[in-house]
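Coordinate analysis (summary)
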Amino acid sequence: IPRAYKSVRLRARRVRVFVMGGPLSPVSLSAVLLLLSGGSCSGKDYVLTDDGGLGRVFDGIGGLSGGGATSRLLVNYEEPYRSQILDFLFKPNFGASLHILKVEIGGDAQTTDGTEPSHMHYENDENYFRGYEWWLMKEAKKRNPNITLIGLPWAFPGWVGRGKNWPYDYPDVTVSYVVNWILGAKQYHDLDIQYVGIWNERAFDAKYIKLLRYTLDKSGLDRVGIIASDDLWEPIALSLLLDPELSSSVDVIGAHYPGTRTVSQAVKTQKKLWASEDYSTFNDEVGGGCWARILNQNYVNGLMTSTISWNLVASYYEELPFGRDGLMTAQEPWSGNYVVESPIWITAHSTQFTQPGWTYLKTVGHLAQGGSYVALTDGRGNLTVVIETMTHDHSVCIRPPLPAYNLTSQNATFQLKGSFASIVELQVWRSQFQFKTKSSSFFQQLSPLQLVNGSFTLHLAEDEVYTLSTIRTGQKGSYPAPPPSARFPKAYKDDFNVRNPPFSEAPNFADQTGVFEYYVNLTDPGPHVFTLRQVVTQRPVTWASDADQTISVIGDHRWQNVTVTCDVLMEAVGTAGVFIAARVDKGGQSVRGAKGVFFWVFADGTYKVTTDLAGQTVLMEGKSGTRALAWYTVSLTVKGQSASGTLDGVALWNVAVTSSSKSGWAAVGTRAFELAQFDNFSVLAD
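Bear in mind that the values here come from a model prediction, so they are computed numbers and not experimental data. (Residues numbered from 1 in each chain as written. Predicted model: local features only at pLDDT ≥ 70, side-chain atom pairs only at ≥ 80, totals over all residues. Heavy atoms only, no water.)

**Looking at the packing of helix H4 (residues 171-189) against helix H5 (residues 206-218)**
- Contact geometry for H4 and H5: axes closest at 10 Å, N-to-C directions at 45°. With respect to H5, the axis of H4 lies oblique. Here H4 and H5 pass one another in a crossing that is right-handed. Two secondary-structure elements touch here, H4 through Pro171, Asp172, Thr174, Val175, Val178, Val179 and Ile182 and H5 through Lys207, Tyr208, Leu211, Leu212, Thr215 and Leu216. (Axes fitted to C-alpha atoms, helices over the stretch in contact; angles between N-to-C directions. Helix = DSSP H or I, 4+ residues; strand = E, 2+ residues; numbered from the N terminus. Parallel < 35°, antiparallel > 145°, perpendicular 65-115°, else oblique. Left-handed = near helix turned anticlockwise from the far one by under 90°. Contact = heavy atoms within 4.5 Å.)

**Let's talk about the packing of helix H3 (residues 133-143) against H4**
- Running from N to C, H3 and H4 cross one another at 60°; their axes reach a closest spacing of 12 Å. Taken together, the axes of H3 and H4 lie oblique to each other. As for the relative orientation of H3 and H4, their crossing is right-handed in sense. For the pair H3 and H4, contact is made by Trp134, Met137 and Lys138 and by Trp181, Ala185 and His189, respectively.
- Among the residues forming the contact of H3 with H4, the class breakdown is 4 nonpolar, 1 polar and 1 charged. (Nonpolar A, V, L, I, M, F, W, Y, C, P; charged D, E, K, R; others polar.)

**Things to note about the domain arrangement of the protein**
- By the assigned domains, the protein splits into domain 1 (54-394) and domain 2 (491-685).
- The gap between the C-alpha centroids of domain 1 and domain 2 is 34 Å.
- Listed by partner, the interface residues are 42 residues for domain 1 and 35 residues for domain 2.
- Carbon and sulfur atoms make up 54% of the area that domain 1 and domain 2 hide from each other, which totals about 2900 Å².
- For the domain 1 face of the interface with domain 2, the top three residues by lost area are Arg72, Gln110 and Tyr317, together amounting to 23%.
- Joining domain 1 to domain 2, the criterion identifies 1 salt bridge.
- Arg130 is the salt-bridge partner of Glu517, the closest N and O atoms lying 3.6 Å from each other.
- Residue classes in the side of domain 1 that touches domain 2 are distributed as 21 nonpolar, 13 polar and 8 charged. (Domains from an automatic or database assignment. Buried area = accessible area lost by both parts, 1.4 Å probe. Salt bridge = Lys/Arg side-chain N within 4 Å of Asp/Glu carboxyl O.)

Shown next, in the form of structure tokens:
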């Protein structure tokens, strides 16, 4: 077949084979010869039409920041790298070009990989500038003014539960807390929140949902939709069918990790069905395959019109739970390195050629030899078709288990009918996963496809994604390569002397229980005016296993020999206590079991050294002379199997640490949920 030929029409077999992009790409020579010789190559005809009506309205593809603290390190990137990362996520026709940003309504609690600060630490406290989600929403909106914004509380400050680890016994309190956040988003940041989610792992509360709907409407927020239960299809679906008032309160049924399947009761409600949290898979190429498969099959199998990735960007220490489970990776602000992973370009196959408000065709489905296809239209003549042929082992998501299936290469002929019959050309974009040769190519633009009588045929190999569209604005954005990856600096200092910090948290500190914020200590005329303060004084309402102690980690998880030094102040009298630590091995939802070397001082004049955050395995203890409301400089050195500590420069203890963890982060924290301050933090590692 001459290279210049764009198509070969085999009239006798009524098959049209198109050669695109180069000599015999994507059609293999063997397949062409097989057809020319009269052989058989598995193939089937698929009709794409709007005759007989359309399917459900497409609501968009999104990413989730939070649940929890998954964007923590992103804010610490210097320019231009931070803006480049944001462009790959949100800029239209550049990278992922996301339609939706869902964020955590911070609740001062551990919600997977860290804590996010609440806008109301205490009942009489309101501050709508804490954390980084406000900033992230504004940056997303700056790039895409039409992006949909969603808020969801995974946890709540302790005062919301009134002494219980449950937020719905006092629904008026919880409703007020959530509505205040939505109002604050508009008042202080000019952000319109379009949806708010209701999530818990035990049950949903109908009374709470109805009161939330009433209060939103009364507050002028009738445009804000409610996603319930933002977790499981049942029992919310059946309850909506049985309770008209509840049904009128809910706009979307959201499911987490639905495995591309819904339930009949949910479909009967006629509500929007979303995979409101999905993916959560390591972002290597298998992760990209997972994302490609579920983006199509969530609609083909489950009629889900939106899929939201947990998480948006893996911007937290990789050794925390679910490391690199984001659409891209940005976990080294100290080096500036980031990685645009395959899920970014898999997302682009859909997001750059559709928009919320487009409509799925009814003629979508599975390919005969495995894989799936969807087609969407804007109702004004434009058409986008997305095809995926991901094999089982190359598209396994972290959850739920993926049933076995077979997929082989195939020929597929698509016939456009109805209002699409007159289309004569489609733009073509392709991604090819090459797991054996490690030479994958993502989101490559091929030569336009010329249709004959509304028909085209593709040879679809295993592990490919195609987009065919009338939309011509697709683009694979790029920037010069970021700096190379580098480990956390071995010598690091922070005196927290920032008069107007852009964010409430100090750079690179990752709070795992409690919240550590910049603080201006106006009562101290000395050197400790600007400090870092732990501010959570009551155990939060949360589903995760927060520790009984507060802790914030920093540094390199591979550190072994290290000296940690910090000035500390206990604000509570009596049993108050603070610590510095090295070799801290765990965080996130596993933080309760953290091991390491912990050097504690207490307000009752004592100290102790433990190998666990819980303080149960004591290596040494004694008198320190420490008390509340006084500053002390504590220092911890761990080298090999020995550790030592000093207080105000004087040696206090020395002990063997054969039973401690072998490596881990540095950390600071408090004995319980209590106020304490930290200053002049430094770490020096070998």
